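Residues per chain, in single letters:
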Amino acid sequence: VYELKELLEGAKINKIYNPEPTILTMRVHIRNFGQKELFFDLKKGFWISKYRMNYPTVPSNFAMKMRKHLSNGIIERIEQIKTDRVLRMDIFSKEKYHVYFEMFRDGNIILTDENDFIIYAMHFEEWSTRKIYPKEIYLPPPSCNLDKETIMEKILGRDKEIVRVLASEIGFGGTYAEEICKRAD
């Protein structure tokens, strides 16, 4: 997130695309670097490239809704929400907006107004603790407390494999849980 923050705060959004169901791209103008493609892949992460994808000739409804609110906007701030896999981008276009990128399970991208009322989302969903629907207030997913004692209690108090506890109960996800166990050997 730090690298994105350094480079993108102050960048102007020129065009937005949704070339695949889990990918959103923004063509941005970065001061001193020119036009770049900012990729948000909900399964792989974020990156900046000078290369462009082949974009559909007819934009998706999601891309059109994002364009309507964010085109010509300025990225004011980028931050990670607590220790979760959620990135928040503050954008000022005609009004101030927040875009939340949730990087867990199937992932989601949620557009809200400055008061966090949901305008649109890539996927509309509902859980016991929150709803992702228009006009609902965006609430990030419940965060687990990642202090050392809590992690040790969860790992030692289960009859499951450590990798499964790290992935599901602590919330690292499968890839990171496997990497943690591999490095711990």
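Just above sits the structure.
Residues numbered from 1 in each chain as written. Predicted model: local features only at pLDDT ≥ 70, side-chain atom pairs only at ≥ 80, totals over all residues. Heavy atoms only, no water.

### Side note on the side chain of asparagine 108
(1) Moving on: As for its placement among the helices and strands, asparagine 108 is situated in strand 8 (residues 108-113).
(2) Moving on: At 3.3 Å, the side chain of asparagine 108 forms a polar contact with the backbone nitrogen of methionine 122.
(3) Moving on: Among the polar contacts made by the side chain of asparagine 108, one reaches the main-chain carbonyl oxygen of histidine 123 at a distance of 2.8 Å.
(4) Moving on: Apart from the residues lying within four places of it in its own chain, the contact partners of asparagine 108 are Leu42, Tyr100, Phe101, Glu102, Ala121, Met122, His123, Glu125 and Ile132. (Helix = DSSP H or I, 4+ residues; strand = E, 2+ residues; numbered from the N terminus. Polar contact = N/O pair within 3.5 Å; in protein donor to acceptor, adjacent residues only side chain to side chain. Contact = heavy atoms within 4.5 Å.)

### Considerations on the side chain of aspartate 90
(1) Moving on: Checked against the element boundaries, aspartate 90 lands in strand 6 (residues 86-92).
(2) Moving on: According to the relative accessible area criterion, aspartate 90 is buried, its value standing at 2%.
(3) Moving on: A distance of 2.8 Å separates the side chain of aspartate 90 from the side chain of arginine 88, its partner in a polar contact.
(4) Moving on: Side chain to side chain, aspartate 90 and histidine 98 meet in a polar contact 2.6 Å long. (Buried < 20%, exposed > 50% of the residue type's maximum accessible area, 1.4 Å probe, protein only.)

### Brief notes about unusual backbone geometry
(1) Moving on: Of note in this structure, asparagine 32 is not a glycine but carries a positive phi near 75 degrees.
(2) Moving on: Mapping asparagine 32 onto the fold places it in the loop between strand 2 (23-30) and strand 3 (34-41).
(3) Moving on: Exposure remark for asparagine 32: the relative accessible area of 77% places this residue in the exposed category.
(4) Moving on: One non-glycine residue, asparagine 72, lies in the positive phi region at around 65 degrees.
(5) Moving on: Mapped onto the secondary structure, asparagine 72 falls in the loop between helix 2 (61-70) and strand 5 (74-80).
(6) Moving on: For asparagine 72, a relative accessible area of 49% puts it in the partly exposed group.

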